[in-house]
Amino acid sequence: MLTNIFKPKHEYDLIRLGGNYDGGYLVERSSIEKSKSLVTLGLGYEWTFEKDYYKLYRKPIHCYDHTVSYSSIKKLSRKALASNFFRLLKPKYFTKKNFLSNLKKSVFLYKDYKNLFQNEVKHYVLRVGPGFGPGNKGILLSEILKKIQKLPCFLKVDIEAAEYRILDEIIQLQDNFIGLAIEFHDVDLHLKKIENFIKSLNMTLVHIHPMNQALVVNNIPIQIELTFAKNPVKINENYKIPHHLDMPGNPSFKEIDLKFQD
């Protein structure tokens, strides 16, 4: 069971950026509006959050992900197109949902990527974090911030358990951030580390959301999203969970009922 340090103290003015399911985050409105840029660590093939941010605010975006590139997107597109061709030839494997999903990947993904990542919206094919050694195309968070001309920025982190490598840097550099949305993995194994991070961060925890596609171990969801903000706008004394804007990470599974202990 999660301790009360994981529970926001009040209800804050939250908005949703990104898709309805995995890829969308609840963030505090004023921290987003006052940010002068967005830094995304971990992009994957889901950039609806970045699209919404740029559409609404027209501010610079810097994204870092070594797993995504023009060539990887083309490869994914070809694979999705081949899968749809196979499903058309073998009707017993055909489902409308999978067909439309693959169609989106094969036809729209590459075009969508090219349309978004241009001018002041940039994607760097670099791994984030220390200790990767030469040849791994790595970059430190401190080096990323040197490239950012407009600060403070809103920081979004989803780097598949590598977040623990950069927590100390986030703390050291936190004056550069006005808000943070971060996804933690293997939470049951790193509870104390996350608790210490929350205590050391000079921001207010404004939202928590468990990822329902992951396991629950000892009443602890092993994958959670936490959102923080500096000087957030409080709209109610009592925190409400789930928030009315929350959506399941995976619509095929029930949401996880969070419980906290003192």
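Residues numbered from 1 in each chain as written. Predicted model: local features only at pLDDT ≥ 70, side-chain atom pairs only at ≥ 80, totals over all residues. Heavy atoms only, no water.

Caption draft 1: Molecular detail of the pattern of salt bridges. Per the stated rule, a full pass over the model turns up 7 salt bridges. Here glutamate 11 ties to lysine 240 by a salt bridge, and the two come within 3.9 Å at their closest N and O atoms. Of the two residues, glutamate 11 sits in strand 2 (residues 11–12) while lysine 240 sits in the loop between strand 16 (234–236) and strand 17 (260–261), which places them 229 residues apart along the sequence. In this structure glutamate 11 comes out as buried when scored by relative accessible area, which is 10%. Among the residues examined, lysine 240 registers a relative accessible area of 47% and is labelled partly exposed. A salt bridge links glutamate 195 to lysine 192, with the nearest nitrogen and oxygen atoms 3.5 Å apart. You can see glutamate 195 and its partner lysine 192 sitting in helix 7 (residues 191–200), 3 residues apart, about one turn around the helix. (Salt bridge = Lys/Arg side-chain N within 4 Å of Asp/Glu carboxyl O. Helix = DSSP H or I, 4+ residues; strand = E, 2+ residues; numbered from the N terminus. Buried < 20%, exposed > 50% of the residue type's maximum accessible area, 1.4 Å probe, protein only.)

Caption draft 2: Quick look at the side chain of aspartate 158. In this fold, aspartate 158 is placed in the loop between strand 10 (153–157) and helix 6 (167–172). No salt bridge is formed by the buried aspartate 158, whose closest oppositely charged neighbour, lysine 156, lies at an N-O distance of 6.3 Å. (Lys, Arg positive; Asp, Glu negative; His and termini not counted.)

Caption draft 3: Focus on the nonpolar core. Core analysis: the biggest nonpolar cluster contains 41 residues, and Phe6, Leu41, Ile170, Leu180, Phe184, Leu226 and Phe228 have the highest contact counts within it. Breaking this core down by element, the ones donating at least two residues are strand 5 (37–41), helix 5 (141–147), strand 10, helix 6, strand 11 (177–185), helix 7, strand 12 (204–210) and strand 15 (223–229). Excluding its chain neighbours within four sequence positions, the residues that come into contact with isoleucine 170 are Leu141, Leu155, Val157, Phe177, Leu180, Ile182, Phe197 and Leu201. Tyr25, Phe49, Tyr54 and Phe154 belong to the second-largest nonpolar core, a separate cluster that totals 23 residues. (Core = buried A, V, L, I, M, F, W, Y, C linked by side-chain atoms within 4.5 Å. Contact = heavy atoms within 4.5 Å.)

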